[in-house]
Every structure is written in structure tokens, then in C-alpha cells.
Amino acid sequence: MYFTWILVILCVGISHGQRNPEQSLQGQQTYRIRKGKDGPIEPSGVVNFKIVKETIKEHFNVMQQIREQLGSLTTKMARIEQISTWYKAQNNYYYKLFYNEVIYAEAKENCKRLGGQLASAGIRDKNVRREILPLVKSGRYNTWIGLNDIREENTFIWEDGVTATAGSTPWRGGQPNNWSGNQDCVDMSASFDWKLNDEDCAQTFKYLCEIEP
Ligand SMILES: [Ca+2]
Ligand SMILES: [Ca+2]
């Protein structure tokens, strides 16, 4: 396959110069090749491999640019197709509940790979939280959101870098309790009326991602 491409490029490269077929003394076709668009014509019957090499390089660069543009377009189309399956809330963020149960770090990585983050802005806004609660409830199980005190015990930071305040974190009574000294990640707990609870980050829960508009 690669060899075929090289052959095609070589043929295109030769044709890129101005070719003037003429008859040689032996009756065979030879070519005069113009260097560049308006450059001098090379002596009859001589293939200038430097020009061929430059032409191949030029075509290779063009192909590379086309390939990059196609890649970028494919990514944009995939993102548009992907976002159409998400719920758009009143804050213009998009939300989606993922049903596979994973540890916090994997949930965080999965949201990031989709161009978003574990739900943060929409959870700390009480109106948006109320709006997307049915989405969380549909999973019928504990759900990771983007809040943790991994860096410093009892200092909870949202995944978008905002420090949590009492008003933005509807904890279940008695939480966060850092049970057994090992609860640094936060979920919306099915058994606690979907209020917040700090949990062991190695627990496997469903997770809610959000994407900025
Ligand atoms: Ca903790
Ligand atoms: Ca707890």
C-alpha cells in the first residue's frame, strides 16, 4: 500500500513539471522538465531527481495538511454527534449520566476524554441541581460528581477549580465524615435522598459528566 502511494506520488511529481515529449534519436520518448512553474527547462532527456524529490516533498506536505484538516473535521463531527445525546440544562452546560460503575479517578478521566468534567457547576447551582436531579435518579444508584478533598483533608474543591462553600454543597446530615479516615471523593447518594456524601474514591459508582457550552 505504501509502495503504491510512493509510485502515485512519483508519477504526479513528474507530471507537476511541464513535460514536453519529443522524439530521441533512438525513437524513444524523452522529456524536458521545467523547474517550477516558470523556471528554466532542463536539458532534453534528463530527469532531474532533485526536482522530483522536491515535488514529492511538496505533495507529501499537501497530503499531510489535508489529513490534518480531515482529522480536525472528524473530531468536530464526532463532538456534534456526541453532544446531541446529552441533556442541555438552563446554565447551557450539557449533562449525561454514565451507567458503568467505575472508581472516581476513572470517572474523572472518562469525562475529560469526552471534553468535559465530572459535574461541578451544575451541582453547586441549586436551580440546575434541581433540574438535573431526575437524570441522576434515573441511574438508581450512587453517582460520582466532581467534588473531592484529595489534596487537603476537609477542603473540598470542585473539578473546575472552585472551592466549595456550605451553600453550594447539600451534604446529607452528618456528612462529610471522612469515615475510617479514607473518604475523599463525593457522590450523590441514592440511599441518602440524593444528598452529598464523601466516600472512598476506590468505590465504583455511576458518574455524571458535564460539558461547557
Ligand atoms: Ca476526606
Ligand atoms: Ca461519608
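A short note on the pairing of strand S9 (residues 196-199)
Here S9 shows two buried faces, one formed by Leu196 and Asp198 and the other by Asn197 and Glu199. In terms of strand pairing, strand S8 (residues 185-188) meets S9 through 4 bridges, oriented antiparallel. Bridging across to S9, Val186 finds its partner in Asp198.

Some thoughts on the environment of Lys206
Inspection of the secondary structure puts Lys206 in strand S10 (residues 205-211). On the basis of neighbour count, Lys206 is assigned to the buried category, with 22 C-beta atoms found within 10 Å. Non-local contacts of Lys206, meaning those with residues more than four positions away in its chain, are made with Leu97, Phe98, Tyr99, Glu101, Gly139, Tyr141 and Thr143.

Quick look at the nonpolar core
Ranked by internal contacts, the top residues of the largest apolar core, which has 27 residues, are Tyr95, Leu118, Ala119, Trp144, Ile145, Tyr207 and Leu208. Taken together, the elements giving at least two residues each to this core come down to strand S4 (94-102), helix H3 (104-113), helix H5 (126-137), strand S6 (143-148), S8 and S10. The element that contributes the greatest number of residues to this core is S10, accounting for 4 residues.

Side note on the environment of Leu114
By the secondary structure assignment, Leu114 is in the loop between H3 and strand S5 (117-118). In this structure Leu114 comes out as partly exposed when scored by C-beta crowding, with 17 C-beta atoms within 10 Å. Taking the C-alpha atoms as reference points, Leu114 and Gln82, 32 residues apart in sequence, are found 8.7 Å from one another. Look past the residues within four positions of Leu114 in its chain and what remains in contact with it is Gln82, Cys209 and Ile211.

Some words on H3
Among the residues of H3, those classed as buried are Tyr104, Ala107, Lys108 and Cys111. The buried residues of H3 occupy an angular sector of 100° when the element is viewed end-on, so they sit on one face. Buried residues belonging to H3 abut S4, S5, S6, S8 and S10. Immediately beyond the C-terminal end of H3, within one or two residues, lies Gly115, with a positive phi of roughly 90°.

Regarding the pairing of S6
Here is the key point about a regular strand: its side chains alternate between the two faces of the sheet. Counting buried positions along S6 yields 6 of 6 residues, so the element is predominantly enclosed. Covered by surrounding structure in S6 are Thr143, Ile145 and Leu147 together with Trp144, Gly146 and Asn148, the residues of both alternating faces. Strand direction decides the pairing type here: S6 and S8, joined by 3 bridges, are antiparallel. Bridge pairing in S8 links Asn148 to Cys185. Where S6 meets S10, 2 bridges bridge the pair, whose relative direction is parallel. In the strand pairing of S10, Thr143 is matched with Lys206. Bridge count for S6 against strand S7 (residues 157-158) is 2 bridges, and the pairing is antiparallel. By the bridge assignment, Leu147 is partnered in S7 with Trp158.

What about unusual backbone geometry?
Residue Pro176 follows Gln175 across a cis peptide bond; omega there is 0°. Turning to its location among the elements, Pro176 is positioned in the loop between S7 and S8. With a phi angle near 55°, Arg140 is a residue other than glycine that sits in the positive phi range. Checked against the element boundaries, Arg140 lands in the loop between H5 and S6.

Some points on the confidence of the model for the chain
The predicted model of the chain has a mean per-residue pLDDT of 85, with 78% of residues at 70 or higher. Note that pLDDT drops below 50 for residues 1-28; the model gives that stretch 26 contacts with residues more than four away or on any other chain.

The rules behind each value
Chains are numbered independently. Their residues run from 1 in the order of the written sequence. Each chain takes a letter, starting from A, and each ligand takes a number, starting from 1, following the order in which they are written. This being a predicted model, a pLDDT of at least 70 is required before a residue's local features are given, and a value of 80 or more before pairs of side-chain atoms are given or counted; all residues contribute to the totals for chains, interfaces and linings. Comment: burial labels come from other C-beta atoms within 10 Å of the residue's own C-beta, placed from the backbone, where a count of 20 or more is buried, 12 or fewer is exposed, and between is partly exposed. The way it works is that DSSP assigns letters per residue, a run of H or I at least four long becomes a helix, a run of E at least two long becomes a strand, and they are numbered from the N terminus. Whether two strands pair depends on DSSP finding at least two bridges between them. Note that contacts rest on C-beta atoms placed from the backbone: two residues are in contact if these are within 7 Å. Each nonpolar core comprises buried Ala, Val, Leu, Ile, Met, Phe, Trp, Tyr and Cys residues, the members being joined through C-beta atoms within 7 Å. In this description, one arc is meant: the one made by directions from the helix axis to the C-beta atoms. Per-residue confidence from the predictor is reported as pLDDT, a score between 0 and 100.

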